[in-house]
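Tertiary structure, described
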Amino acid sequence: MSHLSERPEKPVVGLSLPHESAGLHVTGAALYTDDLIHRAKDVLHAYPVQVMKAHGRITALHTGPALAVPGVVRVLTGADVPGVNDAGMKHDEPLFPDHVMFHGHAVAWVLGETLEAARLGAAAVEVELDELPSLVTLQDAIAAESFHGARPVMVTGDVEDGFAESAHVFTGEFLFSDQEHFYLETHAALAHVDEGGQMFVQSSTQHPSETQEIVAHVLGLHSHEVTVQCLRMGGGFGGKEMQPHGFAAVAALGALLTGRPVRVRLNRTQDLTMSGKRHGFHARWKIGFDADGRIQALEATLTADGGWSLDLSEPVVARALCHIDNTYWIPNAHVTGRIAKTNKVSNTAFRGFGGPQGMLVIEDIMGRCAPLLGLDPMELRERNFYRAGQSTPYGQPVAHPERISAVWREVRENGELAAREREIAAFNSAHAHTKRALALTGIKFGISFNLTAFNQAGALVLIYKDGSVLINHGGTEMGQGLHTKMLQVAATTLGIPMHKVRLAPTRTDKVPNTSATAASAGADLNGAAVKNACEQLRERLLGVAGTRLGANASDVRIVEGVARALGGDEELAWDDLVRTAYFQRVQLSAAGFYRTEGLHWDAKGFRGSPFKYFSYGAAAAEVEVDGFTGAYRIRRVDIVHDVGDSLSPMIDIGQVEGGFVQGAGWLTLEDMRWDTGDGPNRGRLLTQAASTYKLPSFSEMPGEFNVTLLENATEEGAVYGSKAVGEPPLMLAFSVREALRQAAAAFGPAGVSVELASPATPEAVYWAIEAARADGVPAASGGVAVDIGVPIHA
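Here the residue numbering is sequential within each chain, running from 1 through the sequence in written order. With pLDDT at 70 or above as the cut-off, local features in this predicted model cover only qualifying residues; side-chain atom pairs require 80 or more to be listed or tallied, and sums for whole chains, interfaces and linings still use all residues. Computation of side-chain values covers all heavy atoms of the structure but excludes hydrogens and water.

A pocket here means an open set of points on a 1 Å grid, computed over the protein atoms alone, that has protein on both sides within 12 Å along at least five of seven lines. A cavity is instead a set of points where a 1.4 Å probe fits but cannot get out; residues with an atom within 4 Å of a point line either one. Grid points are joined across faces, edges and corners, and a volume is the space filled by probe spheres set on the points. Enumeration according to the criterion identifies 4 cavities of 30 Å³ or more in this entry. Each pocket or cavity is described by its volume, and for the largest cavity that value is around 360 Å³. Along the walls of the largest cavity sit 19 residues, with E93, G246, F247, M274 and W308 positioned nearest its centre. In DSSP terms, a helix is any run of H or I states spanning at least four residues, a strand is any run of E spanning at least two, and both are numbered starting from the N terminus. Put simply, the parts of the chain that give the lining of the largest cavity at least two residues each are β5 (105-112) and α7 (244-258). For the lining of the largest cavity, the residue count by class is 12 nonpolar, 5 polar and 2 charged. Each pocket or cavity is described by its volume, and for the second largest cavity that value is around 90 Å³. By the convention adopted, Pro, Cys, Tyr, Trp, Phe, Met, Ile, Leu, Val and Ala count as nonpolar, Lys, Arg, Asp and Glu as charged, and the other residues, Gly among them, as polar.

Encoded structure:
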C-alpha cells in the first residue's frame, strides 16, 4: 500500500463523527459572512442598480437623484474603478457594464448608511437604454448561431464503421433544464481597509485566492495587499466558485473610496436574478447497437447554455464530454461540444460541473432505446459496462471497472430487486390507473480538476508549546464536512486525540495560491497537504522522543497522544514531548504541499488522463405514478456508493443522501421558467422565489432510504485510501427519472419507448403517460435509423 494511503494504528480517520460545527449550526451560533457586520463599526450597505431589460446599450446613467436620497453616501460606477473594470477570469464580465446583457443586470451600486437608504437610492438612479434584440432560449441561440468559447471534439475509433456494423441505429434530440443552486446563504461580502492600508475581505466564496485576485485587479493592487477570508458558507454547490468575486470587488471598491466597511448581501430575489445556474443543455445524438444490444458507435453534439459570458462554461462542456460514456464502453465515438451565448445570467459551476449533463444524455438514450431493442433497461445497461483493459473515449484507462459491477450487484442483492420486480408486475396488473416501476442506474465519475494546474494544495500546521495544534488549509467549508475530515487527518497523522486540534478559518495570507474547493477534490488535495505538514512535524518529534526513550526514532510510535518505543514500557505524553521539543529549539510549524501525480491532458486534442481515479455508485429507485395527474412518489431508494476507505463515514453518508436528493430535484422538480415573449419583460426570470421554484422537501424524500458505502475499497494513492464524495452521488438520482419513465411506459403496451422531459415534473410525466397510451414509438427493425427525438420545448 502506498505511503499516502496507509493508515496507522488506531486512526481517527474512519470514525463516524458529527460535523465539527454541527452544534453551532443547530443553535444558531455559527457565524456567516453577513453576521460579521455586527462586529464592525459604521458599515455602509451596498444595493445594486438593476436594469430590467434583457439586452441594451446604456446611453446615460444619472446618479444625481440617488445622491439626493437621505442616507445615500455614494454611487459606485465604472468611473470609480482604479484598476481593471472586470470581475471575470476571462475578462468578459465588466463589473460596471456599458451594455445590459441580461434582465436584472447590475450597472451601478449605491452605498447607504442603511440598507433601506441604499435601496431607495438605487431606485432613484436613472438609466437610459438603447434596447437591443435578445436571445433568451437555448433554441434561439442555436438558430442564430450565437456561440462563444472553445468547441472541443472528442474522437475515438471510427464512427462511420461503427454505424455500418450496427444492427440498430437510433437518432434523437434532448433538451434539459438548468438548475438554481438555492444555497441557504445568498452571496455576501464585507470589506474594510485596515490601518496598514491592506484590503481585508470577508467573502462567502469557494475560491478565496481567485476572489483575492479579482479584487486586487479591480482596485489596481497587488495580491499581497488584499486578504480574503472565508469563515464558512451556508451552501455553495459551485455557485460560489466564480460568482462571488464581483460582489467582493464591489464591497472592496466601496471600502477603498469611503474609508468605511462596506457590506454586500443579496436578497433572495437578487441572488436568483443576478447569479448563474447549472447549464441547461441541448443534445443531438445518433447511436448504434449490435444485435446483442452492445453499443457500437455514438455521434453527438452537446450545446450548453452559457449565458452572457464564459465564466466556467468551457471546462463545464469539457467535463460533459468526458462523462457522456458514464459506465459504458463506447468503442467508436465522435462528440462535439459548444457553448451558446444567450441574454441570461452567466451560467457557472454546479455540483458535478457538466458531468451530470453528459451522463444524463447517455442514460436518457439507454432508457429510450431499451424497449426498442426488446431488452430490460437493467440488462441493456449491464451488457455495456466497462470491463478490464478498456479505456474511455478520451483515452484514459478505466481502473477498477469491476467496482461498476460490484456496486450494481450489491444493490440488486441488498435491495431484493428480483422479488420486488415480481411484486410490481403483480401490482401493475391489478391497478389500471396507478403504476409502479423500479429502475437501477450506475455512475462512473472522474475525480480531479480538468485543468491540471488546479490539482495542488497547501497547508500550514502549528504546534504550540502546550501541545495544542492549529491547522490552516486552502479548502473552504460550505457545510460538506471538509473541515471535519481535515481535523481527523491531522489527528491521525500526528497520533493525537481530536480535541487537541483546532482549525483556523480559510484565508489567503495563511495558505496562498489555493484552488477552488470544487471538483470533489477538497479532501483529496487539502487532506494530503495537511498530512504532509503533519508528517514533517511528526518526524521531528519522533527524533526528540527517541532520545528521551533511548530508542531509534524509527522505532517510536505516537498513538492516542502517547509516544512509545517498540518493545519498550516507557511512555512520553504528547504535551511533554512537545514541551521538550520546544526547549530543544525544534521547529514546531510546517508548511505542507501536495500535487496530484499521474495527470496529463491535451485540451486541444482532447486526449489524456485528466482524472486521478473514478468514483462508482449504483442506485435503485422505486416510484408510484398516478395515471390521472402524473403525480408520483418515491417509495424506496437503495444506494451503494464507492468512497474508498471513508475518512468520515457519517459525513460521507450525509453527502450521498444530500447529493441524491439534489439530483432528484434537478431531474424531477426544479423547473426554471423565463419570459420568452416579446413584451416588456422579455428575459425576466419567472421563478424568482421558493414559491414558484419547487425545491425538494420532506414530502419528496423516499419512504425508505438505504445508503451503504462499498467495503474493502481502498484507493491507492489517495489520502488514507479514501475517495471523493461531494459530486458523484448527485447522478445516482438518474434512477428516479428512469423509474418514472418505466412507470409511464407501464400505462401503454409492452415495448413502448417513452420520451420524458427533464425535469420530469408531474405535468411532464402525465404527457409521457398519454404518449404511452397512444402506443408511443414503434420498435426498430434491424439496420434502420429511427428518430425517437423529443420536440424541443421552451
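So, on to the sheet that holds strand β29 (residues 704-709). Should DSSP find at least two bridges between two strands, the strands are regarded as paired. The sheet built from 4 strands is open, its strands ordered β16-β27-β28-β29 with mixed pairing. Every interior strand has two partners, whereas the edge strands, β16 (434-447) and β29, have only one. Adjacent strand axes in the sheet meet at a mean angle of 15 degrees when their direction is disregarded. Here 9 bridges tie strand β27 (residues 613-626) to strand β28 (residues 632-641), and the two strands are oriented antiparallel to one another. Across the sheet, V625 pairs through a bridge with Y632, a residue of β28. Contacting β16, β27 and β28, helix α12 (residues 402-414) runs over the sheet at an angle of about 30 degrees to β27. Orientation is described by lines fitted to C-alpha atoms, with helices fitted over the stretch in contact, and by angles between N-to-C directions that extend from 0 to 180 degrees. Contacts between residues were defined by any pair of non-hydrogen atoms, one from each residue, lying within 4.5 Å.

This part takes up helix α19 (residues 762-773). Working rule for helices: expected span equals 1.5 Å times residues minus one. Taking 1.5 Å of rise per residue, the 12 residues of α19 would be expected to cover 16 Å, and the 16 Å separating its terminal C-alpha atoms lies within 8% of that figure. A 1.4 Å probe rolled over the protein chains alone gives each residue an accessible area, and that area as a share of the maximum for its type sets the label: buried under 20%, exposed over 50%, partly exposed in between. Turning to α19, its buried residues are A764, V765, A768, I769 and A772. Mapping the buried residues of α19 onto a view down its axis gives an arc of 145 degrees, with all of them on the same face. For α19, the elements touching its buried residues are β27, β28 and α18 (734-745). D775 sits one or two positions beyond α19 and adopts a positive phi of about 85 degrees. The arc in question is the one spanned by the directions pointing from the helix axis to the C-beta atoms.

We now examine the confidence of the model for the protein. In predicted models, pLDDT denotes the confidence assigned by the predictor to each residue on a 0 to 100 scale. When the pLDDT values of the protein are averaged, the result is 96; 98% of them are 70 or greater. With pLDDT under 50 throughout, residues 777-784 is counted as low confidence; its partners more than four residues away or in other chains account for 21 contacts. With pLDDT under 50 throughout, residues 790-794 is counted as low confidence; its partners more than four residues away or in other chains account for 13 contacts.

Right, let's talk about the side chain of K444 for a bit. Tracing the backbone through its elements, the reader meets K444 in strand β16. When neighbours within four sequence positions are excluded, K444 is seen to be in contact with H323, D325, N326, T327, M359, Y386, T392, V398, F614, S615 and Y616.

Another point: the environment of A573. By secondary structure assignment, the location of A573 is in strand β23 (residues 571-573). A relative accessible area of 35% places A573 in the partly exposed class. For the pair formed by A573 and A545, sequence separation is 28 residues and the distance between their alpha carbons is 9.7 Å.

On to the side chain of N347. Within the secondary structure, N347 sits in the loop between β15 (333-341) and α10 (355-373). For N347, a relative accessible area of 2% corresponds to the buried category. A polar contact is formed between the side chain of N347 and the backbone oxygen of D305, at a distance of 2.7 Å. Not counting residues up to four positions away in its chain, the partners in contact with N347 are G276, K277, R278, H279, D305, G306, G307, D311 and S313. Here a polar contact is taken to be a pair of N or O atoms separated by no more than 3.5 Å, where protein atoms must pair a possible hydrogen donor with a possible acceptor and residues adjacent in sequence count only if both atoms sit in side chains.

Looking now at the pattern of salt bridges. Salt bridges are identified by distance alone: a Lys or Arg side-chain nitrogen within 4 Å of an Asp or Glu carboxyl oxygen. If you walk through the whole model with that rule in mind, you get 49 salt bridges. Two residues, R381 and E738, come together in a salt bridge whose shortest N-O distance is 3.3 Å. Placement of the pair is R381 in helix α11 (residues 377-383) and E738 in helix α18, with a sequence separation of 357 residues. Of the two residues, R381 and E738, both sit in the buried class. We note a salt bridge from D509 to K510, for which the minimum N-O separation is 3.7 Å. Judged by its relative accessible area of 38%, D509 is partly exposed. Take K510: its relative accessible area is 37%, and that puts it in the partly exposed class. Salt bridges sharing common partners tie together E363, D364, R368, R381, R737, E738 and R741.

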